[in-house]
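Here are the chains, one letter per residue:
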Amino acid sequence: MNKASVFSAPLILPYSAINANGRVKADWLLNVFQDISSQQCSHLGISGFDMAKKQLKWVVAQYRIQIHDAFKWLMPLTLNTWRAPWKNLYEIRQFTLVPETPPGEEPLPPLVTATGIWILIRAESGKPVRLAPHMPAGLLDTPADRAPRIEKPARFDEYHHETTFPVRFLDLDLNQHVNNRVYLRWAVETLPEPYCFEYAPARCTVVYKKEGLFGDRILSRIHMDLSGPGLRTEHAIIRQETGEELARLMLEWTKISPMDIFNNENG
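Residues numbered from 1 in each chain as written. Predicted model: local features only at pLDDT ≥ 70, side-chain atom pairs only at ≥ 80, totals over all residues. Heavy atoms only, no water.

Engineer: Looking at this structure, I do not really get the state of the cysteines. What am I missing?
Structural biologist: One pass over the full model with this rule turns up zero disulfides. The thiol of Cys196 is unpaired, and the distance to the nearest cysteine sulfur, on Cys204, comes to 17 Å. (Disulfide = S-S within 2.5 Å.)

This is the structure:
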(Lines give C-alpha, C1' and ligand atoms only; values in the text may rest on other atoms or scores of the structure.)
Protein backbone atom coordinates (compact mmCIF):
# COMPACT_ATOMS: atom_id res chain seq x y z
CA MET A 1 0.00 0.00 0.00
CA ASN A 2 1.26 3.44 -0.99
CA LYS A 3 0.34 5.82 1.85
CA ALA A 4 -0.16 8.62 -0.65
CA SER A 5 -2.96 6.60 -2.27
CA VAL A 6 -4.96 6.18 0.95
CA PHE A 7 -8.15 8.21 1.21
CA SER A 8 -9.37 8.77 4.77
CA ALA A 9 -12.40 10.24 6.49
CA PRO A 10 -13.29 10.68 10.17
CA LEU A 11 -16.38 8.97 11.58
CA ILE A 12 -18.23 8.91 14.88
CA LEU A 13 -20.08 5.64 15.43
CA PRO A 14 -23.74 6.75 15.38
CA TYR A 15 -26.60 5.33 17.41
CA SER A 16 -28.31 4.31 14.17
CA ALA A 17 -25.43 1.92 13.37
CA ILE A 18 -25.96 -0.18 16.52
CA ASN A 19 -28.27 -3.19 16.55
CA ALA A 20 -30.38 -4.71 19.33
CA ASN A 21 -27.31 -6.53 20.73
CA GLY A 22 -25.31 -3.32 21.01
CA ARG A 23 -23.13 -4.45 18.08
CA VAL A 24 -22.47 -2.66 14.82
CA LYS A 25 -24.94 -3.41 12.03
CA ALA A 26 -23.06 -5.30 9.33
CA ASP A 27 -24.94 -3.58 6.52
CA TRP A 28 -23.94 -0.16 7.93
CA LEU A 29 -20.35 -1.08 7.12
CA LEU A 30 -21.25 -1.56 3.47
CA ASN A 31 -22.89 1.86 3.47
CA VAL A 32 -19.78 3.62 4.72
CA PHE A 33 -17.54 1.59 2.39
CA GLN A 34 -19.63 2.76 -0.56
CA ASP A 35 -19.66 6.36 0.67
CA ILE A 36 -15.90 6.70 1.09
CA SER A 37 -15.21 4.84 -2.17
CA SER A 38 -17.51 7.22 -4.03
CA GLN A 39 -15.82 10.22 -2.43
CA GLN A 40 -12.37 9.06 -3.51
CA CYS A 41 -13.63 8.18 -7.00
CA SER A 42 -15.08 11.67 -7.31
CA HIS A 43 -11.68 13.19 -6.49
CA LEU A 44 -10.07 10.92 -9.10
CA GLY A 45 -12.63 11.63 -11.81
CA ILE A 46 -13.97 8.06 -11.93
CA SER A 47 -17.16 8.32 -9.88
CA GLY A 48 -20.43 6.73 -10.92
CA PHE A 49 -21.50 10.11 -12.27
CA ASP A 50 -18.28 10.41 -14.30
CA MET A 51 -18.74 6.92 -15.73
CA ALA A 52 -22.41 7.51 -16.52
CA LYS A 53 -21.30 10.15 -19.05
CA LYS A 54 -19.51 7.30 -20.86
CA GLN A 55 -22.52 4.96 -20.61
CA LEU A 56 -20.68 2.89 -18.00
CA LYS A 57 -21.38 1.77 -14.42
CA TRP A 58 -19.37 0.56 -11.47
CA VAL A 59 -20.75 -2.60 -9.83
CA VAL A 60 -19.48 -4.45 -6.78
CA ALA A 61 -18.77 -8.12 -7.47
CA GLN A 62 -17.62 -9.24 -4.03
CA TYR A 63 -16.88 -8.15 -0.48
CA ARG A 64 -14.84 -9.85 2.21
CA ILE A 65 -15.19 -8.31 5.64
CA GLN A 66 -13.63 -9.16 8.99
CA ILE A 67 -14.89 -7.53 12.19
CA HIS A 68 -12.05 -7.87 14.67
CA ASP A 69 -13.56 -6.24 17.76
CA ALA A 70 -16.71 -4.60 19.12
CA PHE A 71 -17.46 -0.89 18.78
CA LYS A 72 -18.49 1.77 21.27
CA TRP A 73 -21.25 4.27 20.67
CA LEU A 74 -19.79 7.71 19.77
CA MET A 75 -16.36 6.12 19.29
CA PRO A 76 -14.16 8.37 17.09
CA LEU A 77 -12.99 6.38 14.08
CA THR A 78 -11.00 6.81 10.90
CA LEU A 79 -12.21 5.07 7.76
CA ASN A 80 -9.48 4.39 5.19
CA THR A 81 -9.69 3.11 1.64
CA TRP A 82 -7.28 2.64 -1.25
CA ARG A 83 -7.66 1.22 -4.73
CA ALA A 84 -5.51 -0.64 -7.24
CA PRO A 85 -6.29 -2.15 -10.65
CA TRP A 86 -5.83 -5.82 -11.38
CA LYS A 87 -4.66 -6.76 -14.90
CA ASN A 88 -6.83 -4.07 -16.49
CA LEU A 89 -9.86 -6.19 -15.54
CA TYR A 90 -11.24 -4.71 -12.33
CA GLU A 91 -10.45 -2.60 -9.27
CA ILE A 92 -9.46 -4.05 -5.91
CA ARG A 93 -10.47 -1.78 -3.06
CA GLN A 94 -9.25 -2.16 0.53
CA PHE A 95 -10.81 -0.72 3.69
CA THR A 96 -9.84 -0.33 7.32
CA LEU A 97 -11.87 1.16 10.13
CA VAL A 98 -9.52 2.23 12.91
CA PRO A 99 -10.12 3.78 16.36
CA GLU A 100 -8.76 7.28 16.82
CA THR A 101 -5.26 7.10 18.34
CA PRO A 102 -4.76 9.18 21.51
CA PRO A 103 -1.93 11.74 21.18
CA GLY A 104 1.51 10.25 21.80
CA GLU A 105 0.32 6.64 21.69
CA GLU A 106 0.93 3.85 19.19
CA PRO A 107 -1.75 3.42 16.51
CA LEU A 108 -4.50 1.04 17.54
CA PRO A 109 -5.27 -2.04 15.42
CA PRO A 110 -8.23 -1.82 13.04
CA LEU A 111 -11.68 -2.83 14.21
CA VAL A 112 -12.62 -3.83 10.66
CA THR A 113 -10.67 -4.83 7.55
CA ALA A 114 -12.32 -5.48 4.21
CA THR A 115 -11.66 -6.03 0.51
CA GLY A 116 -13.99 -5.35 -2.38
CA ILE A 117 -13.87 -6.07 -6.11
CA TRP A 118 -15.36 -3.39 -8.36
CA ILE A 119 -16.07 -4.08 -12.02
CA LEU A 120 -16.76 -1.53 -14.75
CA ILE A 121 -19.65 -2.52 -17.03
CA ARG A 122 -21.53 -1.11 -19.99
CA ALA A 123 -24.79 0.44 -18.81
CA GLU A 124 -26.85 -0.93 -21.68
CA SER A 125 -25.61 -4.52 -21.84
CA GLY A 126 -24.15 -5.12 -18.39
CA LYS A 127 -21.00 -6.55 -20.01
CA PRO A 128 -17.64 -5.90 -18.27
CA VAL A 129 -15.16 -3.62 -20.01
CA ARG A 130 -11.41 -3.17 -19.71
CA LEU A 131 -10.38 -0.35 -17.41
CA ALA A 132 -7.68 1.33 -19.51
CA PRO A 133 -9.80 3.07 -22.17
CA HIS A 134 -12.01 4.67 -19.52
CA MET A 135 -9.62 5.68 -16.70
CA PRO A 136 -7.56 8.88 -16.40
CA ALA A 137 -3.85 8.56 -17.10
CA GLY A 138 -1.83 7.36 -14.15
CA LEU A 139 -4.55 5.42 -12.33
CA LEU A 140 -3.36 2.10 -13.79
CA ASP A 141 0.34 2.70 -13.15
CA THR A 142 0.44 0.92 -9.77
CA PRO A 143 -1.40 -2.40 -10.04
CA ALA A 144 -2.31 -4.59 -7.08
CA ASP A 145 0.35 -7.08 -5.93
CA ARG A 146 -2.21 -9.86 -5.84
CA ALA A 147 -5.93 -10.31 -6.23
CA PRO A 148 -8.36 -11.89 -3.79
CA ARG A 149 -9.78 -15.20 -4.93
CA ILE A 150 -13.12 -14.69 -6.66
CA GLU A 151 -15.48 -17.03 -4.87
CA LYS A 152 -17.52 -19.52 -6.91
CA PRO A 153 -19.89 -21.00 -4.33
CA ALA A 154 -20.99 -24.59 -4.68
CA ARG A 155 -24.58 -25.58 -5.32
CA PHE A 156 -26.97 -24.62 -2.53
CA ASP A 157 -29.14 -27.71 -1.99
CA GLU A 158 -30.05 -27.73 1.70
CA TYR A 159 -31.34 -24.94 3.90
CA HIS A 160 -32.83 -24.69 7.39
CA HIS A 161 -34.86 -21.49 7.22
CA GLU A 162 -36.36 -19.23 4.58
CA THR A 163 -37.68 -15.67 4.78
CA THR A 164 -39.42 -13.66 2.07
CA PHE A 165 -38.75 -9.96 1.45
CA PRO A 166 -40.20 -7.49 -1.06
CA VAL A 167 -37.81 -5.21 -2.91
CA ARG A 168 -38.86 -1.74 -1.75
CA PHE A 169 -38.12 1.65 -3.28
CA LEU A 170 -35.66 2.49 -0.49
CA ASP A 171 -33.71 -0.70 -1.25
CA LEU A 172 -32.67 0.73 -4.64
CA ASP A 173 -29.57 2.72 -5.59
CA LEU A 174 -29.08 5.27 -8.38
CA ASN A 175 -28.83 2.43 -10.91
CA GLN A 176 -32.37 1.41 -9.82
CA HIS A 177 -30.97 -1.94 -8.66
CA VAL A 178 -30.98 -3.30 -5.12
CA ASN A 179 -28.11 -1.63 -3.24
CA ASN A 180 -25.28 -4.01 -2.29
CA ARG A 181 -25.83 -3.52 1.47
CA VAL A 182 -29.41 -4.86 1.27
CA TYR A 183 -28.31 -8.41 0.39
CA LEU A 184 -26.33 -8.57 3.62
CA ARG A 185 -29.31 -7.25 5.59
CA TRP A 186 -31.57 -9.91 4.06
CA ALA A 187 -29.06 -12.60 5.01
CA VAL A 188 -28.68 -11.42 8.62
CA GLU A 189 -32.46 -11.04 9.03
CA THR A 190 -32.92 -14.73 8.15
CA LEU A 191 -30.94 -15.94 11.18
CA PRO A 192 -33.71 -17.22 13.50
CA GLU A 193 -34.29 -16.52 17.17
CA PRO A 194 -32.55 -17.11 19.58
CA TYR A 195 -29.36 -17.16 17.46
CA CYS A 196 -29.83 -13.59 16.20
CA PHE A 197 -29.61 -12.38 19.83
CA GLU A 198 -26.73 -14.68 20.81
CA TYR A 199 -24.29 -14.27 17.91
CA ALA A 200 -22.66 -11.40 16.02
CA PRO A 201 -20.98 -11.55 12.59
CA ALA A 202 -17.18 -11.77 12.67
CA ARG A 203 -16.37 -12.63 9.03
CA CYS A 204 -18.48 -12.19 5.95
CA THR A 205 -18.07 -12.92 2.25
CA VAL A 206 -20.66 -11.58 -0.18
CA VAL A 207 -20.68 -12.70 -3.82
CA TYR A 208 -23.03 -10.70 -6.03
CA LYS A 209 -24.36 -12.50 -9.09
CA LYS A 210 -27.40 -10.65 -10.50
CA GLU A 211 -29.27 -7.42 -9.80
CA GLY A 212 -32.42 -7.34 -7.72
CA LEU A 213 -35.14 -5.06 -9.15
CA PHE A 214 -38.05 -3.06 -7.82
CA GLY A 215 -41.11 -5.25 -7.35
CA ASP A 216 -39.15 -8.50 -6.98
CA ARG A 217 -40.03 -10.92 -4.18
CA ILE A 218 -36.88 -12.26 -2.57
CA LEU A 219 -36.30 -15.62 -0.90
CA SER A 220 -33.48 -15.49 1.66
CA ARG A 221 -32.39 -19.03 2.57
CA ILE A 222 -29.93 -20.02 5.29
CA HIS A 223 -27.95 -23.15 6.02
CA MET A 224 -26.61 -23.27 9.59
CA ASP A 225 -23.57 -25.14 10.90
CA LEU A 226 -23.08 -25.31 14.68
CA SER A 227 -20.54 -28.14 14.62
CA GLY A 228 -17.59 -25.88 15.50
CA PRO A 229 -16.88 -23.44 18.33
CA GLY A 230 -19.00 -20.73 16.72
CA LEU A 231 -21.74 -20.54 14.15
CA ARG A 232 -21.19 -20.70 10.39
CA THR A 233 -23.96 -19.90 7.94
CA GLU A 234 -24.38 -19.90 4.19
CA HIS A 235 -27.08 -17.84 2.52
CA ALA A 236 -28.70 -17.83 -0.91
CA ILE A 237 -30.61 -14.76 -2.04
CA ILE A 238 -33.07 -15.81 -4.74
CA ARG A 239 -35.56 -14.02 -6.99
CA GLN A 240 -38.76 -15.89 -6.16
CA GLU A 241 -40.45 -15.41 -9.54
CA THR A 242 -37.63 -16.97 -11.59
CA GLY A 243 -35.56 -18.95 -9.09
CA GLU A 244 -32.43 -16.99 -10.11
CA GLU A 245 -29.75 -16.72 -7.44
CA LEU A 246 -28.86 -13.05 -6.96
CA ALA A 247 -26.19 -13.39 -4.27
CA ARG A 248 -24.46 -15.91 -2.05
CA LEU A 249 -23.12 -15.05 1.40
CA MET A 250 -20.93 -16.94 3.85
CA LEU A 251 -20.80 -15.71 7.46
CA GLU A 252 -18.89 -16.73 10.57
CA TRP A 253 -20.46 -15.63 13.84
CA THR A 254 -19.11 -15.33 17.39
CA LYS A 255 -21.03 -15.94 20.59
CA ILE A 256 -21.63 -12.67 22.40
CA SER A 257 -22.76 -11.35 25.77
CA PRO A 258 -25.50 -8.71 25.96
CA MET A 259 -24.14 -5.16 25.95
CA ASP A 260 -25.66 -2.13 27.66
CA ILE A 261 -25.20 0.68 25.16
CA PHE A 262 -26.88 3.22 27.41
CA ASN A 263 -24.00 3.39 29.88
CA ASN A 264 -21.59 3.99 26.94
CA GLU A 265 -19.25 1.37 28.35
CA ASN A 266 -19.93 -1.18 25.64
CA GLY A 267 -16.96 -2.47 23.71
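That shown, we press on.
Engineer: Is there a simple way to explain the nonpolar core in this structure?
Structural biologist: Counting residues in each nonpolar core, the largest one holds 61 residues, and the members touching the most others are Phe33, Tyr63, Ile65, Phe71, Val112 and Trp186. It is helix H1 (residues 26-44) that provides the largest number of residues to this core, a total of eight residues. Those residues in contact with Tyr63 that lie beyond four places of it in its chain are Leu30, Phe33, Gln34, Phe95, Thr115, Gly116, Trp118, Asn180, Cys204, Thr205, Val206 and Tyr208. With seven residues, the next largest nonpolar core counts Ala61, Ala84, Tyr90 and Ala144 among its residues. (Core = buried A, V, L, I, M, F, W, Y, C linked by side-chain atoms within 4.5 Å. Buried < 20%, exposed > 50% of the residue type's maximum accessible area, 1.4 Å probe, protein only. Helix = DSSP H or I, 4+ residues; strand = E, 2+ residues; numbered from the N terminus. Contact = heavy atoms within 4.5 Å.)

Engineer: Honestly, the sheet that holds strand E10 (residues 245-255) in this entry has me stumped. Any pointers?
Structural biologist: One key point about sheets: their strands pair by backbone hydrogen bonds, in either a parallel or an antiparallel sense. Ordered by their spatial adjacency, 10 strands build an open sheet running E1-E3-E4-E5-E2-E7-E10-E9-E8-E6, and the pairing between neighbours is antiparallel. Two strands in the sheet have a free side with no partner beyond their single neighbour: strand E1 (7-12) and strand E6 (161-166). In this sheet, adjacent strand axes meet at a mean angle of 25 degrees when their direction is disregarded. The sheet contact formed by E1 and strand E3 (residues 76-86) spans six bridges and is antiparallel. Within E3, the position partnered with Pro10 by the bridge is Thr78. Across the sheet, H1 is in contact with E1, strand E2 (56-67), E3, strand E4 (90-99), strand E5 (112-122) and strand E7 (199-208); its angle to E3 comes to roughly 60 degrees. Here helix H3 (residues 180-189) sits on the sheet in contact with E2, E6, E7, strand E8 (217-225), strand E9 (231-239) and E10, set at roughly 55 degrees to E10. (Pairing = 2+ DSSP bridges. Axes fitted to C-alpha atoms, helices over the stretch in contact; angles between N-to-C directions.)

Engineer: Explain the side chain of Thr190 here, please?
Structural biologist: Turning to its location among the elements, Thr190 is positioned in the loop between H3 and helix H4 (195-198). Leave out the neighbours within four places in its chain, and Thr190 touches His161, Thr163, Phe165, Ser220 and Ile222.

Engineer: Could you clarify how one ought to interpret H1 in this entry?
Structural biologist: For an α-helix, the turn length of 3.6 residues means that residues three or four places apart are oriented alike. With 19 residues, H1 extends 28 Å from end C-alpha to end C-alpha; this agrees with the ideal 27 Å at 1.5 Å per step. Looking only at H1, the buried set comprises Ala26, Asp27, Trp28, Leu29, Leu30, Val32, Phe33, Ile36, Ser37, Gln40 and Cys41. In the stretch just after H1, Gly45 is the one whose phi turns positive, near 80 degrees. (Expected span 1.5 Å × (residues − 1).)

Engineer: Honestly, H3 in this entry has me stumped. Any pointers?
Structural biologist: Here H3 lies mainly inside the structure; eight of its 10 residues are buried. Within H3 the residues assigned to the buried category are Asn180, Arg181, Val182, Tyr183, Leu184, Arg185, Trp186 and Ala187.

Engineer: Quick question: what am I supposed to make of the environment of Glu151 here?
Structural biologist: As for its placement among the helices and strands, Glu151 is situated in the loop between E5 and E6. Under the relative-accessibility criterion, Glu151 is labelled buried at 18%. Here the alpha-carbon distance between Glu151 and Lys87, two residues 64 residues apart in the chain, equals 18 Å. Setting aside its immediate chain neighbours within four residues, Glu151 contacts Gln62, Arg64, Thr205 and Val207.

Engineer: Could you clarify how one ought to interpret unusual backbone geometry in this entry?
Structural biologist: Glycine aside, negative phi is the norm for most residues, and most peptide bonds take the trans geometry. Put simply, Glu193 and Pro194 share a cis peptide bond, and its omega is 10 degrees. Among the structural elements, Pro194 can be located in the loop between H3 and H4. Look at Lys87: it is not a glycine, yet its phi comes out positive at around 50 degrees. Tracing the sequence through the fold places Lys87 in the loop between E3 and E4.

Engineer: In this structure, what is going on with the pattern of salt bridges? I would like to understand it.
Structural biologist: According to the stated counting rule, one finds 15 salt bridges in the structure shown. Salt-bridge contacts for Glu252 lead to Arg232; the nearest nitrogen and oxygen are separated by 3.0 Å. Here Arg232 lies in strand E9 and Glu252 lies in strand E10, a separation of 20 residues in the sequence. For Glu252, a relative accessible area of 31% corresponds to the partly exposed category. Residues joined in a network through salt bridges with shared partners are Lys209, Glu234, Glu245 and Arg248. (Salt bridge = Lys/Arg side-chain N within 4 Å of Asp/Glu carboxyl O.)

Engineer: Please explain the side chain of Ser37 as it appears in this structure.
Structural biologist: Secondary-structure assignment places Ser37 in helix H1. Judged by its relative accessible area of 0%, Ser37 is buried. Excluding anything up to four places from it in sequence, Ser37 contacts Thr81, Arg93, Phe95 and Trp118.

Engineer: Please explain the environment of His68 as it appears in this structure.
Structural biologist: Secondary-structure assignment places His68 in the loop between E2 and E3. On the basis of relative accessible area, His68 is assigned to the partly exposed category, the value being 39%. Each C-alpha atom of the pair His68 and Ser125 lies 39 Å from the other, and the pair is 57 residues apart in sequence. Those residues within four positions of His68 in sequence are excluded, and the remaining contacts are Pro110, Leu111, Val112 and Thr113.

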